[in-house]
Amino acid sequence: MNWQYDVPLRRLHTFGVDVRASKYAVVHSVGELAECVRQMQGEPLRLLGGGSNILLTGDVETPLLHVCIPGRQVEGPYGNDELLVWAGAGENWHKFVQWCLQQDLGGLENLSLIPGSVGAAPIQNIGAYGVELAEVFDHLEALDLQTGQLLVMDRQDCAFGYRDSFFKRAGLGRFAITKVFFRLRARDHRIRCDYGAIRDTLKDMGVDKPSIQEVAQAVIRIRQSKLPDPAELGNAGSFFKNPEVSAEQAQCLREAYPQMPQYPQPDGRVKVPAGWLIEQCGWKGYREGDAGCYEKQALVLVNYGYATGADILHLAQRITASVQERFGIVIAPEVNIW
Ligand code: FAD
Ligand code: EPU
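Residues numbered from 1 in each chain as written. Chains lettered and ligands numbered in written order. Predicted model: local features only at pLDDT ≥ 70, side-chain atom pairs only at ≥ 80, totals over all residues. Heavy atoms only, no water.

### A look at the pairing of strand β11 (residues 150-154)
1) Next: Pairing between strand β10 (residues 137-144) and β11: five bridges, direction antiparallel. Across the sheet, residue H139 finds its bridge partner in β11, namely D154.
2) Next: Hairpin geometry of β10 and β11 is characterised by an intervening segment of five residues between the two adjacent antiparallel strands and by a positive phi of about 80 degrees at G148. (Pairing = 2+ DSSP bridges. Helix = DSSP H or I, 4+ residues; strand = E, 2+ residues; numbered from the N terminus.)

What follows is the structure, encoded as structure tokens:
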């Protein structure tokens, strides 16, 4: 392994916090990864993809492996209308989505412009604009970091939920995802524009019967209008998950706050947008030193330059406490805090 020591991480993650990794290496193949795992003999490792969903609260002392395994390919037909397509864990997610769209392969268009790598996408079952990765996911390959075994995991093994999977629970820290397989439609595309903002944007674009490429364009426009570009302003997307409350609690909240947006879920629970709760508590646009709550989207915490991970975490804790005090709802971080 080509280990590097005392490596600055500021440019290797999107929050742009100035911390270092004691020991860092890039892996370009499953073979290199397996060799590294063998050498480590069960010692803990941390994995890094695009660094767009982590908050680093200090130097990373555990050896850090940057998963840069490349490759993407159409494997072949899957039933009548679908194709099985795979990408290596190190592929950039958005570039992979665009590559699929260029070949008129449908299913990922609503997930355009999500930062990060293909390998990290199943970890929190990435989702946006009415679609989640789980819907087009077929299976993945992952290396068990304890045994060095390469495993295949299907949708059931991955236990996907809202911003959740097996890899955030029982499988936490145990597996390196190396390759992800998707089932994408080659014809009769299912256009998903149930999310109001997509419909409005398509209308603005003058599009009546959208193609998958036009849906992607609409999603990109929406995202660019309200989410900060990490190249300009440090952030990790939504810092918190949208909380779910019981139908009874939702009813009480509706009576107390008739303006509160609520989204009933198939299981009877009700999702409440954390961005709305945070905005109501007065945090939107708030800044404390270099840590802040983004002015256009209250769910996004930002680093204006030299905030530490602790500064951002402290702000997140104050926001959490105020939302709980005002609404009796506990919001939980979506971002992985190291
Ligand atoms: P990293 O931040 O590098 O890692 C995240 C976690 O996955 C870590 O725990 C890491 O150890 C682990 N990991 C990384 N690679 C592997 C691997 N190969 N095998 C096993 N574990 C691994 N997310 C959404 O769901 N929807 C959105 O709309 C969305 N919008 C965003 C907008 C912005 C501006 C930003 C900055 C982030 C947004 N995110 C969104 C969050 C983020 O893009 C996703 O969670 C993405 O999948 C993270 O990928 P990454 O490669 O950057 O992961
Ligand atoms: N809202 C406010 N104030 C705000 C932000 C939002 O009142 O400052 C309200 C909006 O008015 C709207 C509702 O909250 O009624 C939802 O807002 P939005 O459509 O912006 O989506 P979100 O719930 O804030 C979620 C995901 C995003 C994803 C978008 C689009 C989570 C935690 N976040 O955000 O994912 O891109 O929907 O589907 O589920 C991410 O995970 O990092 C991420 C960016």
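### Brief notes about the packing of aromatic side chains
1) Next: Under the defined criterion, the tally for this structure stands at 14 aromatic pairs.
2) Next: Taking 5.3 Å as the distance between ring centres and 40 degrees as the angle between the ring planes, the aromatic pair formed by F96 and F182 counts as tilted. With F96 in helix α2 (residues 93-102) and F182 in strand β12 (residues 175-185), this residue pair connects regions lying 86 residues apart in the sequence.
3) Next: On the basis of an interplanar angle of 80 degrees and a centroid distance of 6.2 Å, the ring pair of F167 and F175 is categorised as edge-to-face.
4) Next: A relative accessible area of 4% places F167 in the buried class. (Phe/Tyr/Trp six-rings, centres within 6.5 Å; stacked < 30°, edge-to-face > 60°. Buried < 20%, exposed > 50% of the residue type's maximum accessible area, 1.4 Å probe, protein only.)

### Re the packing of helix α4 (residues 196-204) against helix α5 (residues 212-226)
1) Next: Running from N to C, α4 and α5 point in directions that differ by 105 degrees, and their axes come no closer than 9 Å. Here α4 is positioned roughly perpendicular relative to α5, judged by the angle of their axes. Here A197, I198, T201 and L202 of α4 lie close against α5, whose contacting residues are E214, V215, A218, V219, R221 and I222.
2) Next: Of the residues contributing to the contact of α4 with α5, the split by class is seven nonpolar, one polar and two charged. (Axes fitted to C-alpha atoms, helices over the stretch in contact; angles between N-to-C directions. Parallel < 35°, antiparallel > 145°, perpendicular 65-115°, else oblique. Contact = heavy atoms within 4.5 Å. Nonpolar A, V, L, I, M, F, W, Y, C, P; charged D, E, K, R; others polar.)

### Section: the nonpolar core
1) Next: Counting 45 residues, the largest nonpolar core has W93, F96, L108, L140 and F182 as its most contacted members.
2) Next: Among all residues touching L108, those that are not within four sequence positions of it are W93, F96, V97, C100, V136, F182 and L184.
3) Next: Ranked by size, the runner-up nonpolar core spans 42 residues in total, among them L55, L64, M260 and A274. (Core = buried A, V, L, I, M, F, W, Y, C linked by side-chain atoms within 4.5 Å.)

### Some words on the site of ligand 1
1) Next: L47, G50, S52, S117 and R223 are the nearest of the 35 residues found near ligand 1.
2) Next: Measuring from an oxygen atom of ligand 1, one finds a backbone N or O atom of G49 at 2.7 Å.
3) Next: Contact distances for ligand 1 include 2.8 Å between an oxygen atom and a backbone N or O atom of N53.
4) Next: Contact with the protein chains removes 93% of the 980 Å² of surface that ligand 1 exposes when unbound.
5) Next: Each residue belonging to the shell around ligand 1 can be placed in one class, and the counts come to 19 nonpolar, 14 polar and two charged. (Near = heavy atom within 4 Å. Polar contact = N/O pair within 3.5 Å; in protein donor to acceptor, adjacent residues only side chain to side chain. Areas by Shrake-Rupley, 256 points an atom, 1.4 Å probe, with all protein chains shown as cover.)

### Focus: the domain arrangement of the protein chain
1) Next: Per the domain assignment, the segments of the protein chain are domain 1 (4-67), domain 2 (72-185) and domain 3 (234-337).
2) Next: Between domain 1 and domain 2, the C-alpha centre-to-centre distance is 21 Å.
3) Next: Listed per partner, the contact involves 11 residues of domain 1 and 15 residues of domain 2.
4) Next: Carbon and sulfur atoms supply 74% of the area buried between domain 1 and domain 2, which totals about 970 Å² over both sides.
5) Next: Ranking the residues of domain 1 by area buried against domain 2 places V30, V37 and V67 at the top, with a combined share of 37%.
6) Next: Remark: the boundary between domain 1 and domain 2 carries zero salt bridges.
7) Next: Where domain 1 packs against domain 2, one counts one residue pair in polar contact (both at pLDDT 80 or more).
8) Next: For the side of domain 1 that touches domain 2, the element with the highest residue contribution is helix α1 (residues 30-40), accounting for four residues.
9) Next: Taken together, the residues of the side of domain 1 that touches domain 2 sort by class into seven nonpolar, four polar and no charged. (Domains from an automatic or database assignment. Buried area = accessible area lost by both parts, 1.4 Å probe. Salt bridge = Lys/Arg side-chain N within 4 Å of Asp/Glu carboxyl O.)

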